[in-house]
Amino acid sequence: MKSPQFKTNLDYEKANLLMQPVYIRVVDNIRKQAEINNWDVTYKEINEPFPSHILTQKKRDIVKETNVWFICFQVCFKEFTTEKNEPVEIDSMLVNDSGELNWDEIEKKTQLIVSSFFSDN
């Protein structure tokens, strides 16, 4: 997974404001979803291509691995996928141009995205 390229400088600045709070919300929601859906989760630290954590989820014969930053990027950016190599744009519902975070929208989007990783498929 590559580091995202930003569409504008403002998107980069907003990402700097959003990433830490989103990371915390993602990890907390992973914990909650794992408990609710009876998944075993572990994290493995990696340093390439940039420092991050790989989430491993296990349930019966299902094993999934996901980079936690990939989940964070899906929360922060509009229509983020690893397949597209296009500049990313911040989801304007999460932070305004003055740098104020919309905590309700951050939590709502985080819950939606994280829950999709805990389906049995």
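Just above, that's the structure.
All values reported here derive from a predicted model rather than from experimental measurement.

What counts and what doesn't
- Each chain has its residues counted from 1, following the order in which its sequence is written.
- Given that the model is predicted, a residue must reach a pLDDT of at least 70 before its local features are reported, and side-chain atom pairs must reach 80 or more before they are shown or counted; all residues, however, enter totals for whole chains, interfaces and linings.
- No hydrogens and no water enter the side-chain calculation; it runs on all heavy atoms of the structure.
- In summary, the pairing rule links any two rings of Phe, Tyr or Trp, Trp by its six-membered ring, whose centres are within 6.5 Å, and it sorts them by plane angle into stacked for under 30 degrees, edge-to-face for over 60 and tilted for everything else.
- Note on conventions: DSSP H or I runs of at least 4 residues are helices, E runs of at least 2 residues are strands, and numbering of each starts at the N terminus.
- Residue burial is assigned from relative accessible area. The probe radius is 1.4 Å, only protein chains are included, and a residue is buried under 20% of its type maximum, exposed over 50%, and partly exposed in between.
- The criterion used for residue contact is that any of the two residues' heavy atoms lie within 4.5 Å.

Caption draft 1: Focus on the packing of aromatic side chains. Inspection of the entire model under this criterion finds ten aromatic pairs. Following the ring pairs from residue to residue traces out a cluster consisting of Phe6, Tyr12, Tyr23, Trp69, Phe70, Phe73, Phe77, Phe80 and Phe117.

Caption draft 2: Geometry of the environment of Val88. Tracing the backbone shows Val88 in the loop between helix H2 (68–76) and helix H3 (103–116). On the basis of relative accessible area, Val88 is assigned to the buried category, the value being 6%. Taking the C-alpha atoms as reference points, Val88 and Val63, 25 residues apart in sequence, are found 29 Å from one another. Val88 has contacts with Pro4, Gln5, Phe6, Lys7, Asp11, Phe77 and Phe80, leaving out every residue within four places of it along the chain.

None of the figures reported here should be taken as evidence of function without further support.
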